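If you want the building blocks of each chain, they are given just below.
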Amino acid sequence: MRIKQIIIAGALLVSVTTFAQKDELKALKKIYNKDVIKGDDLAQYKSLVDKVQPLAVEEGDKVYANFYKCMIPVLEYSSIDKTMAPIQIQMALMKFVSPKSISDLASGLNATLDYEKKTGKKNQTDDINETITSFKPELLNYAVKLGNEKNYKESADVLYSIYLLDKKDQETLYYAANYAANGHDYDKALVYYKELKALNYTGEGIIYYAKNKATGAEENYNNKSVRDNLIQLGTHSSPRDEKIPSKKGEIIRNIALILVDQGKEEEAKSALEEARKENPEDTGLIVSEANIYLKQNDTANYKKLISEALEKSPNDEVLVYNLGVTCANANQMEDAEKYYRKAIELKPDFGNAYLNLADLILKPDAKIVEEINKLSTSPKDLKRYDVLKAQRQQLFSKAMPLLEKAHQLDPKDDVVKSNLKSVYNFLEMTDKVKALKEEN
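Residues numbered from 1 in each chain as written. Predicted model: local features only at pLDDT ≥ 70, side-chain atom pairs only at ≥ 80, totals over all residues. Heavy atoms only, no water.

A. Just the overall build of the protein chain, in detail. Secondary structure assignment for the protein chain yields 22 helices and three strands. Overall size of the protein chain, expressed as C-alpha extent along the three principal axes, is 105 × 80 × 50 Å. Residue burial in the protein chain is summarised as follows: out of 440 residues, 40% are buried. In the protein chain, once contacts between residues fewer than 6 apart in sequence are set aside, the share between residues at least 24 apart is 57%. Considering the protein chain, the positive charge centre built from 65 side chains and the negative charge centre built from 68 side chains are found 2 Å apart. (Helix = DSSP H or I, 4+ residues; strand = E, 2+ residues; numbered from the N terminus. Buried < 20%, exposed > 50% of the residue type's maximum accessible area, 1.4 Å probe, protein only. Contact = heavy atoms within 4.5 Å. Lys, Arg positive; Asp, Glu negative; His and termini not counted. Charge placed at Lys NZ, Arg CZ, Asp CG, Glu CD.)

B. Representation of unusual backbone geometry within the structure. Phi at His-184 takes a positive value of approximately 60 degrees, unusual for a residue other than glycine. Counting through the fold element by element, His-184 comes out in the loop between helix H9 (170-182) and helix H10 (186-198). For Glu-428, which is not glycine, the phi torsion reads 60 degrees and is therefore positive. Secondary-structure assignment places Glu-428 in the loop between helix H21 (414-426) and helix H22 (430-438).

C. Highlighting the packing of aromatic side chains. Following the criterion strictly, the structure yields 14 aromatic pairs and no others. With 6.3 Å between their ring centres and 85 degrees between their planes, Tyr-45 and Tyr-68 make a pair best called edge-to-face. You can see Tyr-45 sitting in helix H2 (residues 40-52) and its partner Tyr-68 sitting in helix H3 (residues 59-70), a full 23 residues away along the chain. Residue Tyr-45 shares its accessibility class with Tyr-68, and that shared class is buried. Measuring from centroid to centroid gives 6.0 Å for Tyr-152 and Tyr-179, while their planes differ by 25 degrees, and the two rings are stacked. (Phe/Tyr/Trp six-rings, centres within 6.5 Å; stacked < 30°, edge-to-face > 60°.)

D. Fine view of the pattern of salt bridges. Going through the model one piece at a time under the given rule, you end up with 31 salt bridges. Ionic pairing is found between Arg-227 and Asp-228, a salt bridge with its closest N-O pair at 2.8 Å. Overall, Asp-228 belongs to the partly exposed group, its relative accessible area being 23%. One salt-bridge network, in which partners are shared between bridges, spans Lys-136, Asp-166, Lys-168 and Asp-169. (Salt bridge = Lys/Arg side-chain N within 4 Å of Asp/Glu carboxyl O.)

E. Here's a closer look at helix H20 (residues 379-409). Spanning 31 residues, H20 covers 45 Å between terminal C-alpha atoms, matching the ideal 45 Å at 1.5 Å per step. Remark: the principal bend of H20, roughly 30 degrees, maps to Met-400, with a proline, Pro-401, within the next four residues. By the burial criterion, the buried members of H20 are Asp-381, Leu-388, Arg-392, Leu-395, Phe-396, Ala-399, Met-400, Leu-402, Leu-403, Ala-406 and His-407. Of the surrounding secondary structure, the elements contacted by the buried residues of H20 are helix H18 (351-362), helix H19 (365-373), H21 and H22. (Expected span 1.5 Å × (residues − 1). Bend = angle between axes of the 7 residues up to and from the residue.)

F. Broad picture of the pairing of strand S2 (residues 218-221). Inspection of the sheet shows strand S1 (residues 205-212) paired to S2 by four bridges, in the antiparallel sense. Across the sheet, the residue bridging to Tyr-208 is Tyr-221, located in S2. Here S1 folds back onto S2 in antiparallel fashion, the turn holding five residues, of which Gly-216 has a positive phi close to 80 degrees. (Pairing = 2+ DSSP bridges.)

The following block contains the structure:
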């Protein structure tokens, strides 16, 4: 008998909880459906959201409890005084909008749309679509603001959330990928670029321009008929069209380069092969593929690709310089020196080429110093010391004019100044050390 009473009591507890949850959901819906929600209504709404979240048990109740919660930033935005200056509205928006709240909004709204599609009951579907249309411009402005402040990762997160809210807007996904790459969040960038590729996004289109007669400024439009109507009305003149080229090659190229950066060599090879078909004249892709073969000690394919790159762009100083860097990293010092000197020949004011060539020349110095430190004071070792010291002097004397040229090209480069100071000190050029210090 006692067990039965406990079971009944438990059932009553569940019923009471369920009724409380239903009442609070009804109260939330009532406030949500008001034309204007601010002040006490907004405070009560937030309080009800906090109460109903842990009580929701059934699938539908969970979905709508989360819907009402994720809509809080939208309701707060709606309560802002829209008569304020745009900058003030933007500042007010910043107080309750964040990359996370926007991500939660996208997740909550999409979950509600999916649930209503499954059940066939469109309780909030129309309202959600209207919310996305009206709130999206402010979210885009927020993403742009983050990007301008160099908060690239956060901007990418916001842009991706906007894309999830409106998957027809694939351009937003493209910018999310670019911002993620700029923020060195290569894992997300790769996911976004691969999604763009799967969608066969090209970004092709036409921008329609016309000059505003009143301001004299050229304005652009995505819609030709809008532009043409302005011309007919006489408010604008000088129409012109500008074609937006396909971004497909760029997307495939970026996928390949990220895979190279992540060390996924075999996948990167396949991606680079595809990228090169889209960008046949891109020597950077050829060098990237050559670097993979170099890492795998496949010198035959490496040299074949390098020859192909040089054949396409024999006078590209950046390409030649990058080849020097690649060879230096692979301890192919003779080839590295050859490429650095060629880069300088092609571009006499190539500061980094002078600096890297000087660094290459000074490379053996570390081993010489290591040997000097092991010498004793015996007559034999003292003679060896003189030989090694002469070798060091030869290296430093050879590197000095290169560093001086690099310093002349960029007097504020601290790395160049530090290296040049070390050279002057070793060669006992005290006057030049003093002059270098006085530049500060």
